[in-house]
Amino acid sequence: MEEKIGKILLCREEIQKRVAELGEEITRDYKGKNLLVVAILKGAVPFMADLIREIKTPLKYDFMAVSSYGASTHSSGVVRIMKDLERSVEDVHILIVEDIIDTGLTLKYLKENLVARNPLSIKVATLLDKPDRRKADVVPEYNGFTIPDEFVVGYGLDFDEQYRNLPYVGILKPEAYLSEG
Ligand code: XMP
Ligand code: MG
């Protein structure tokens, strides 16, 4: 698996340090507030698991799964909810946790969908931001790292459902796209 990684973009230690900083910031911002962390399956799982353990204020968490129609590496903006939240969100502050914001279309849809449910507030925490390809004007309140327009894998991010378990974020070698195995 690791021989398919051309370059490590963010190592384990860098990620850990940044996640701790984000956790501190979020702790400060949500002290005394009713916080619901909403992680977007599946990519956000490792980030979310590390992040919540750096947030030192009470919270609840839940998951949503969405699928966008169209090509696998490019989001179309047409999104379908595959798994929804368990409860109403009218009395909570929502923090959406994402792995990566690329075009921003997925997040724009999600935010609009959640706003319609009248939560107290909605903010976004993303591990990675790839602003070069942005089509929708969504800006994350908490961003781990801004990265160039490269397809990355690891720490939750996949190519064809693989590489999610790498403890770092790396760029795949072109040969990995041509023949998986
Ligand atoms: P949009 O374009 O709607 O899409 O912001 C966000 C979703 O697209 C996927 N995505 C990636 N997945 N490496 C990945 O493994 C990448 O470099 C990448 N860029 C976008 C991802 O599923 C994300 O939630
Ligand atoms: Mg994916």
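Residues numbered from 1 in each chain as written. Chains lettered and ligands numbered in written order. Predicted model: local features only at pLDDT ≥ 70, side-chain atom pairs only at ≥ 80, totals over all residues.

- If you look the protein chain up in an unreviewed UniProt entry, it shows as Hypoxanthine phosphoribosyltransferase from Desulfitobacterium dichloroeliminans.

Focus: the sheet that holds strand E9 (residues 169–172)
Here is step 1 of the chain: Ordered in space as E1-E9-E8, the 3 strands form an open sheet in which the pairing is antiparallel. Only two strands of the sheet have a single neighbouring strand rather than two, namely strand E1 (5–10) and strand E8 (152–153).
Here is step 2 of the chain: The pairing of E1 with E9 spans 4 bridges and is classified as antiparallel. The residue bridging Leu 10 from the neighbouring strand is Val 169, located in E9. (Pairing = 2+ DSSP bridges. Helix = DSSP H or I, 4+ residues; strand = E, 2+ residues; numbered from the N terminus.)

Observations regarding the environment of Ile 5
Here is step 1 of the chain: Examined against the element boundaries, Ile 5 turns out to sit in strand E1.
Here is step 2 of the chain: For Ile 5, a count of 20 C-beta atoms within 10 Å corresponds to the buried category.
Here is step 3 of the chain: It is 5.5 Å that separates the C-alpha atoms of Ile 5 and Lys 173, two residues lying 168 residues apart in sequence.
Here is step 4 of the chain: The residues contacting Ile 5, other than those within four sequence positions of it, are Gly 170, Leu 172 and Lys 173. (Buried ≥ 20, exposed ≤ 12 C-beta atoms within 10 Å, placed from the backbone. Contact = placed C-beta atoms within 7 Å.)

With respect to the environment of Tyr 30
Here is step 1 of the chain: Relative to the elements of secondary structure, Tyr 30 occurs in helix H1 (residues 12–30).
Here is step 2 of the chain: Looking at Tyr 30, the number of C-beta atoms within 10 Å reads 20, which means it is buried.
Here is step 3 of the chain: Separated by 124 residues in sequence, Tyr 30 and Gly 154 have C-alpha atoms that sit 29 Å apart.
Here is step 4 of the chain: Apart from the residues within four sequence positions on either side, Tyr 30 is in contact with Leu 35, Thr 57 and His 93.

Looking at helix H3 (residues 105–115)
The periodicity of an α-helix, 3.6 residues per turn, causes residues three or four positions apart to be oriented the same way.
Here is step 1 of the chain: Considered for burial, the residues of H3 that qualify are Leu 105, Thr 106, Leu 107, Tyr 109 and Leu 110.
Here is step 2 of the chain: Buried residues along H3 sit against strand E3 (59–68), strand E4 (79–83), strand E5 (93–101) and strand E6 (121–129).

Structural notes on the sheet that holds strand E2 (residues 35–41)
Here is step 1 of the chain: Sheet architecture is open: 6 strands sit in the order E4-E3-E2-E5-E6-E7, paired in mixed fashion. Two strands in the sheet have a free side with no partner beyond their single neighbour: E4 and strand E7 (142–146). The sheet shows a mean angle of 30° between the axes of neighbouring strands, taken without regard to direction.
Here is step 2 of the chain: As paired elements, E6 and E7 share 4 bridges and run parallel to each other. The residue bridging Thr 126 from the neighbouring strand is Asn 143, located in E7. (Axes fitted to C-alpha atoms, helices over the stretch in contact; angles between N-to-C directions.)

Regarding unusual backbone geometry
Here is step 1 of the chain: Residue Lys 42 is reached from Leu 41 by a cis peptide bond, and omega for that bond is -5°.
Here is step 2 of the chain: Secondary-structure assignment places Lys 42 in the loop between E2 and helix H2 (45–52).
Here is step 3 of the chain: Backbone geometry places Glu 161, a non-glycine residue, at a positive phi of 70°.
Here is step 4 of the chain: By the element assignment, Glu 161 lies in the loop between E8 and E9.
Here is step 5 of the chain: Glu 161 gets classed as exposed once you count the C-beta atoms within 10 Å, which come to 9.
Here is step 6 of the chain: A positive phi angle, near 75°, is found at Tyr 163, a position not held by glycine.
Here is step 7 of the chain: Residue position: Tyr 163 is located in the loop between E8 and E9.

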